[in-house]
Every structure is written in structure tokens, then in C-alpha cells.
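So you can see what is in the structure, the chains are spelled out below.
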Amino acid sequence: MKRYSIVRIGDDYVVQADEQSVLKVASRRRAAQLVTDAAELLNAQLQPAADPEPSDGEPVAPVDVPAPH
């Protein structure tokens, strides 16, 4: 998983993943909440489903999701 930071630029807060700006919001609290929500969603993708849906026989390509730090 990339490293996230929140920096203030003018009146806005910018969420950066590594060195790339990915999101601009008006509130630092909102920026922090969005980063937390995104991390939770990524972690949920890593958890196996308790009762997986039956497959229609089509193979599904694996998804490479980096582990959280």
C-alpha cells in the first residue's frame, strides 16, 4: 500500500499517495476520514468472503492488492 499524507495548500487539504496528489478537500478532518475509509475498503477486499457466491464457471483473474503497512 502506498504511504498517504495530508498537506495544506492554500485553504484546501490535499491527500497525497507517495508524492502524487490524489484528492483535494476543504477540511483536514474530512481528508483523514476519506483515507481511513479507503484503507478499510482495501482491507475488506483482502478478507475472504464467509459465504462466497456460486461461480458461473468463468475463471476470475486475480487482483493484486498491496498489503497495508
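Let me sum up the structure you'll find in this document. Predicted, not measured: the structure shown is a model, and the values here were computed from it.

What counts and how
- Residues numbered from 1 in each chain as written.
- Predicted model: local features only at pLDDT ≥ 70, side-chain atom pairs only at ≥ 80, totals over all residues.
- Heavy atoms only, no water.
- Helix = DSSP H or I, 4+ residues; strand = E, 2+ residues; numbered from the N terminus.
- Buried < 20%, exposed > 50% of the residue type's maximum accessible area, 1.4 Å probe, protein only.
- Pairing = 2+ DSSP bridges.
- Axes fitted to C-alpha atoms, helices over the stretch in contact; angles between N-to-C directions.
- Expected span 1.5 Å × (residues − 1).
- Polar contact = N/O pair within 3.5 Å; in protein donor to acceptor, adjacent residues only side chain to side chain.
- Contact = heavy atoms within 4.5 Å.

Another aspect to go through is unusual backbone geometry. Most of the time, phi is negative for any residue but glycine, and the peptide bond is trans. In this model, Asp-18 sits at a positive phi of 55°, which is unusual for a non-glycine residue. Of note, Asp-18 is situated in the loop between strand 2 (12–17) and strand 3 (20–25).

Within the element layout of this structure, Gln-16 appears in strand 2. Gln-16 sits in the buried class, given a relative accessible area of 16%.

To continue, consider the sheet that holds strand 1 (residues 4–9). Taken in spatial order, the 3 strands of this open sheet run 1-2-3, and their pairing is antiparallel. Edge positions in the sheet fall to strand 1 and strand 3, since each has one partner strand and no second. In this sheet, adjacent strand axes meet at a mean angle of 30° when their direction is disregarded. Judged from the 6 bridges that link them, strand 1 and strand 2 form a sheet pairing that is antiparallel. Residue pairing in the sheet places Val-7 in a bridge with Val-14 of strand 2.

Let us look at the pairing of strand 3. Across 5 bridges, strand 2 lies against strand 3 in antiparallel orientation. Bridge assignment links Ala-17 to a residue of strand 3, and that residue is Gln-20.

Turning to helix 1 (residues 28–46), a few remarks are in order. Across its 19 residues, helix 1 extends 28 Å between first and last C-alpha, which sits within 8% of the 27 Å expected from 1.5 Å per residue. For helix 1, the N-terminal capping position is held by Ser-27, with its side-chain oxygen 3.2 Å away from the main-chain nitrogen of Arg-29.

The topology assignment puts Val-14 in strand 2. Owing to a relative accessible area of 7%, Val-14 belongs among the buried residues under this scheme. Those residues in contact with Val-14 that lie beyond four places of it in its chain are Ser-5, Ile-6, Val-7, Ile-9, Ser-21, Leu-23 and Lys-24.

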